[in-house]
Amino acid sequence: MDRVRAAVLGGTGLVGQRFIQLLDGHPFIEVTHITGRSSVGRLYGEAVDWRVEVSIPEWAREIKVSPSDPELLAREGVEVAFSALPASIAADIEVGLAKRGIDVASNARPMRMDPDVPLLNGEVNHSHVKLVKLQRETRGWKGVILKNPNCSTAILTLYLKPLLDEYGLERVMVTTLQAISGAGLRGLPAMYMVDNLVPYISGEEWKIENESRKILGSLAGDEVEHLDLEITSTATRVPVIDGHTEVVYAKLSRRPEDIGEVARVLGGFRSAPQEWSLPTAPEKPLVVRDGEDRPQPRLDRLEGDGMSVVVGRLSLIDSRDGPWLRSVILGHNTIRGAAGAAILAYEVYRAYQDKGLL
Ligand SMILES: NC(=O)c1ccc[n+]([C@@H]2O[C@H](COP(=O)([O-])OP(=O)(O)OC[C@H]3O[C@@H](n4cnc5c(N)ncnc54)[C@H](OP(=O)(O)O)[C@@H]3O)[C@@H](O)[C@H]2O)c1
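Heads up: these notes are all about the structure in this document. Since the structure is predicted, the reported quantities are computational estimates derived from the model, not experimental observations.

What follows is about the overall build of the chain. Across its full length, the chain holds 14 helices and 13 strands. Here the C-alpha radius of gyration of the chain, 20 Å, is about what a compact globule of 358 residues would show, namely 21 Å. For the chain, the spread of C-alpha atoms along the three principal axes comes to 65 × 50 × 35 Å. Long-range pairs, those at least 24 residues apart, make up 73% of the contacts in the chain with a sequence separation of at least 6.

Attention now goes to helix α7 (residues 131-139). Those residues of α7 lying buried are L131, V132 and Q135. Buried residues of α7, viewed axially, fall in a sector of 100°; they line one side. Tucked inside the fold, the buried residues of α7 contact β5 (145-147) and β8 (223-225). At the C-terminal side of α7, G140 shows a positive phi close to 70°.

Attention now moves to the sheet that holds strand β12 (residues 309-319). What the six strands build is an open sheet, ordered β9-β6-β10-β13-β12-β11; its pairing is mixed. A single partner strand is all that each edge strand has here, and the edge strands are β9 (230-237) and β11 (286-288). Pairs of neighbouring strands in the sheet enclose a mean axial angle of 25°, with direction left out of account. Here eight bridges tie strand β10 (residues 244-252) to strand β13 (residues 322-331), and the two strands are oriented antiparallel to one another. Its bridge partner being in β13, E246 is matched across the sheet by I329. Relative to the sheet, helix α8 (residues 151-167) contacts β6 (169-178), β9, β10, β11, β12 and β13, its axis offset from that of β10 by approximately 25°. Where helix α10 (residues 204-215) meets the sheet, it contacts β6 and β9, and its direction lies at approximately 145° from that of β9.

Around the ligand sit 30 residues in total, of which G10, G13, G36, S39 and G184 are the nearest. Broken down by secondary-structure element, the contributors of at least two residues to the shell around the ligand are α1 (14-23), α5 (87-99) and α14 (335-354). Counting residues per element, the shell around the ligand draws most heavily on α1, at three residues. Among the residues making up the shell around the ligand, the classes are represented as eleven nonpolar, 17 polar and two charged. Formed jointly, the shell around the ligand draws a minimum of three residues from each of two domains, domain 1 (4-150 + 339-354) and domain 2 (151-332).

The next thing to look at is the pairing of strand β3 (residues 80-83). Both faces of β3 are covered, namely the face carrying V80 and F82 and the face carrying A81 and S83. Strand direction decides the pairing type here: strand β1 (residues 4-9) and β3, joined by four bridges, are parallel. Residue pairing across strands places A6 opposite V80, the latter belonging to β3. With four bridges joining them, β3 and strand β4 (residues 103-106) adopt parallel strand pairing. Counted as the bridge partner of S83 is S106 from β4. In the classification by handedness, the crossover that spans β3, the intervening α5 and the parallel β4 is right-handed.

Cut-off values and rules
Just so you know, the residues in each chain are numbered from 1, in the order the chain's sequence is written. In keeping with the predicted nature of the model, local features appear solely for residues at pLDDT of at least 70, side-chain atom pairs appear and are counted solely at 80 or more, and the whole-chain, interface and lining totals rest on all residues. Here a strand is any run of E in DSSP of at least two residues, a helix any run of H or I of at least four, and the numbering for each starts at the N terminus. C-alpha atoms define the radius of gyration in this analysis, and the globule rule sets the expected value at 2.2 Å times the number of residues to the power 0.38. By the convention adopted here, residues make contact when the C-beta atoms placed from their backbones lie within 7 Å. With C-beta atoms placed from the backbone, the exposure class of a residue follows from how many other C-beta atoms lie within 10 Å of its own: 20 or more, buried; 12 or fewer, exposed; in between, partly exposed. In this description, one arc is meant: the one made by directions from the helix axis to the C-beta atoms. Strand pairing is defined by DSSP finding a minimum of two bridges between the two strands. Whenever a helix is involved, its axis is fitted only over the stretch in contact; in every case the axis is a line through C-alpha atoms, and angles between N-to-C directions fall within 0 to 180 degrees. Nearness rests on one distance test: the residue's C-beta atom, set from the backbone, must lie within 6 Å of the molecule or strand. Throughout, the ten residues Ala, Val, Leu, Ile, Met, Phe, Trp, Tyr, Cys and Pro are labelled nonpolar, Asp, Glu, Lys and Arg are labelled charged, and all others, Gly among them, are labelled polar. Note that the domain bounds were set by an automatic or database domain assignment. Handedness of a crossover is defined as follows: orient the strands so they point away from the viewer, and if the path from the first strand over the helix to the second runs clockwise, the crossover is right-handed.

Here it is, written out as structure tokens:
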């Protein structure tokens, strides 16, 4: 397979850095461009305030940071752009790229809920990538725009999918304990976060509730029918660097035999990205931990190279209104919740193309 020339947009930020790390040595994607704002014109190795636990790849150090200019990127032969741009400026730039024939896999919020834009969480709803046919027809772009969900939503929906398929879901209540890195490199001052917890993240609860219904919805013709599921969420920020924890109560339509059965359903979950051995797909999307004090961010966030969601504290509650499943889940917010999910979304798109499914 020919190597695809890629740009990482917003490459100096926290998600941008993860893209650079995860694309190092990728079998068919080669990063040729990195874009930014304040760092434009400088070598990436000098401009970036690198916050990833492994060294900056040597090839990335030598790339000169360019502006996120669609015309320039198209002229220089970029074929796919991985976007970690701030939401406020992402839409114009991403549409400009798609119009010029550059495919975009984006973390930024705008357009996630548009009916012709696939909101992809690889293992959960890979078939939604077929929305690009409608997107091409309605927008007339030569490239496509793929979105991945908000970080907490990516982690939550990966956990909910096998439960939905096996037992049915009637109601979900979730409280998130989200890492500081979710707010970006210049996110939250120590004065807010040390010795503290902030019980509010602007816009987050709306995203968790609405994006989840789209992702867990089913494709009917050219449309995604959002899942009719009541989801209630409370989003909090905690003094953890990386890794979002979520306490989830899920009311099931059918009672499992016992908790061992639930653990087997979750731990055995596989999907097309695993069957097709996509490069960024973890071997096990969900890892069930037995230890009574797990999952913990420091110990569990790099499971499956940061692409697996770790599940613990599983218990069944036989409530008056039916069976509820209680669990604590954990995922890496800048990998499973951001850069890794976007790369996997693009790999799904390419796999669908290669298999003649689009
Ligand atoms: N952090 C997470 O866990 C997470 C998870 C899911 C989704 N997201 C989303 O991913 C995106 C990036 O988040 P982040 O946490 O990586 O943010 P960040 O650390 O604040 O980084 C922002 C990046 O955008 C660049 N930038 C800022 N203004 C720009 C402009 N006008 N034109 C071009 N580039 C510009 C910056 O470049 P310079 O350094 O050169 O100024 C920097 O590279 C956001 O949309 C965010 O909502 C983040």
